[in-house]
Each structure stands twice: as C-alpha cells, then as structure tokens.
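Fold and geometry: a report
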Amino acid sequence: MPGQTIVINFGHSVLRSLEDYTNAASEIYRHYRQGNNVIAVTSAQGDQTDVLMAEARRIGPDGTAKNLPELIQLGERRSAALLALALERIGAPAFVRQARDLGLKAKGPNTEAELVDLDVSQLEMDLKNHDIVVMPGYVAIGDNDRPSLLGQGGADLTALYVAHRLGVKALLLKDVDGVYEQDPKQSPGTKRYERF
C-alpha cells in the first residue's frame, strides 16, 4: 500500500468528454505509481450542472427549491462513477465513496452550505483498503440528513477541506489559477482566495 496521500480535484473544465476520464485516470495512476494514496474529487462533466439547473428551472418552483440538491448531485455522482470505471479499466484499485459514506457534513442554506465535518477515520480506512478513493465534490450532507450543495467552486472547496482535515496536499486541476468567489470568466475582477 502506498504511504503518502494526495487529494486531486478534477474540475468540470478538464472533464469535458469521456476521453477526459481516461486522461484523469492516467494522472491518478501516475501519482499512485509514485507511492501515493490518492483521493480524487470530481466535478460534474462539462456543462452537466448547467443542464440539470435548466431542467430544475423548467419543472421546479421559482427560487431555491429544497429538493434541488437531489437533482444537481447527480452530475457529480455520475462523474465519480465514470472516473472509477476508467481507473478500473487500467487496473487501478479505485473505490467510490459518497458524502454520506464519509460523514462529509455541511451547515447553512441548501445551495450555499459550508463544510463542517468529515469522518477522517473512515476515509483513512478506505485508503488503507483501496489506495484510491474517488468522491464527488460540491455535495455534502446538510440539515435533516439531506444533500446540500456547496455553491460556486464547491468541488474545489471539497478537495481543499478534505486535504486540510487529513493534513495533506491538494492539487486542483482546472482551467483557472485558483479558487475564486465567482467564476472569473463570467465576472472579471472577482476575488481570488489566497488561502483556505
């Protein structure tokens, strides 16, 4: 079993096609072959979140619906499963874990929640048994044991939070140079966070 652990976040901008999952699996396998355990945090593929949001707006109530996270989390969960399948194809020992499995909890509004807890011992046990854990970002378990979304940059925040709690390094693979308050492509001049 590898020794050190690294958390790698794959942003939606680097997971645009099915072929990108093969590339992501190769990147994970490279770190694994270097002797690292890997926690891979996935964003939804490409514009999948936007597609799901558009569906929710067409059929759901105006404003923030309490069941919105139930739909939106499907993009991240699908992405995690696709990445695990790509890893399995190349013989990497990947294991998918959901927020509920890992005790990843959040407080606050169901579409702008803030991470508050993680079952570190469960995640460490999963790494001991499987070496590579794949988990969806952007979603956690909120009030009343229901899914909550973490808002803009939620997958990045998931990766940083998990890395912080484990005391390990995080690598964010994306098309911008950090974590921002809003999408810097849509809102130029938006605040870039200096630290987590």
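Note that the structure is predicted; figures quoted are calculated from it, not measured.

1. Notes on the side chain of Glu 76
Within the secondary structure, Glu 76 sits in helix 3 (residues 68–89). For the buried Glu 76, no salt bridge exists, and the shortest N-O distance to an oppositely charged side chain is 9.2 Å, to Arg 77. For Glu 76, the side chain forms a polar contact with the main-chain nitrogen of Ala 44, separated by 3.2 Å.

2. Side note on the sheet that holds strand 2 (residues 36–42)
Pairing is parallel across the open sheet formed by five strands, whose spatial order is 3-6-2-1-9. Of all the strands in the sheet, the pair left with one neighbour each is strand 3 (94–96) and strand 9 (169–173). Ignoring strand direction, the axes of neighbouring strands in this sheet form an average angle of 20 degrees. With three bridges joining them, strand 3 and strand 6 (residues 132–136) adopt parallel strand pairing. Opposite Ala 94, over in strand 6, you have Ile 132 as the bridge partner. In the packing of helix 1 (residues 18–33) onto the sheet, the strands contacted are strand 1 (4–10), strand 2, strand 6 and strand 9, and the crossing angle to strand 2 comes to about 155 degrees.

3. Regarding the packing of aromatic side chains
Inspection of the entire model under this criterion finds one aromatic pair. Look at Tyr 29 and Tyr 32: their rings are 5.9 Å apart centre to centre, the planes differ by 40 degrees, and that puts the pair in the tilted class. Here Tyr 32 and Tyr 29 lie together in helix 1, a separation of three residues that amounts to about one turn. Given the relative accessible area of 27%, Tyr 29 is considered partly exposed.

4. Considering the environment of His 130
Structurally, the position occupied by His 130 is in helix 4 (residues 120–130). Expressed as a C-alpha distance, the spacing of His 130 and Pro 93, which sit 37 residues apart in the sequence, is 5.7 Å. Ignoring sequence-local partners within four residues, the contact set of His 130 consists of Pro 93 and Phe 95.

5. Notes on the packing of helix 2 (residues 48–59) against helix 3
When two helices pack together, you describe them by how their axes are tilted relative to each other and by the distance separating the axes. Where helix 2 contacts helix 3, the axes come no closer than 9 Å and their chain directions differ by 155 degrees. On the basis of the axis angle, helix 2 is roughly antiparallel to helix 3. Note on packing geometry: the crossing formed by helix 2 with helix 3 is right-handed. Touching Gln 48, Thr 49, Leu 52, Met 53 and Ala 56 of helix 2 are Leu 68, Leu 71, Ile 72, Gly 75, Glu 76 and Arg 78, all from helix 3. A breakdown of the residues in the contact of helix 2 with helix 3 according to their chemical character gives six nonpolar, three polar and two charged.

Parameters at a glance
- Residues numbered from 1 in each chain as written.
- Predicted model: local features only at pLDDT ≥ 70, side-chain atom pairs only at ≥ 80, totals over all residues.
- Heavy atoms only, no water.
- Helix = DSSP H or I, 4+ residues; strand = E, 2+ residues; numbered from the N terminus.
- Buried < 20%, exposed > 50% of the residue type's maximum accessible area, 1.4 Å probe, protein only.
- Lys, Arg positive; Asp, Glu negative; His and termini not counted.
- Salt bridge = Lys/Arg side-chain N within 4 Å of Asp/Glu carboxyl O.
- Polar contact = N/O pair within 3.5 Å; in protein donor to acceptor, adjacent residues only side chain to side chain.
- Pairing = 2+ DSSP bridges.
- Axes fitted to C-alpha atoms, helices over the stretch in contact; angles between N-to-C directions.
- Contact = heavy atoms within 4.5 Å.
- Phe/Tyr/Trp six-rings, centres within 6.5 Å; stacked < 30°, edge-to-face > 60°.
- Parallel < 35°, antiparallel > 145°, perpendicular 65-115°, else oblique.
- Left-handed = near helix turned anticlockwise from the far one by under 90°.
- Nonpolar A, V, L, I, M, F, W, Y, C, P; charged D, E, K, R; others polar.

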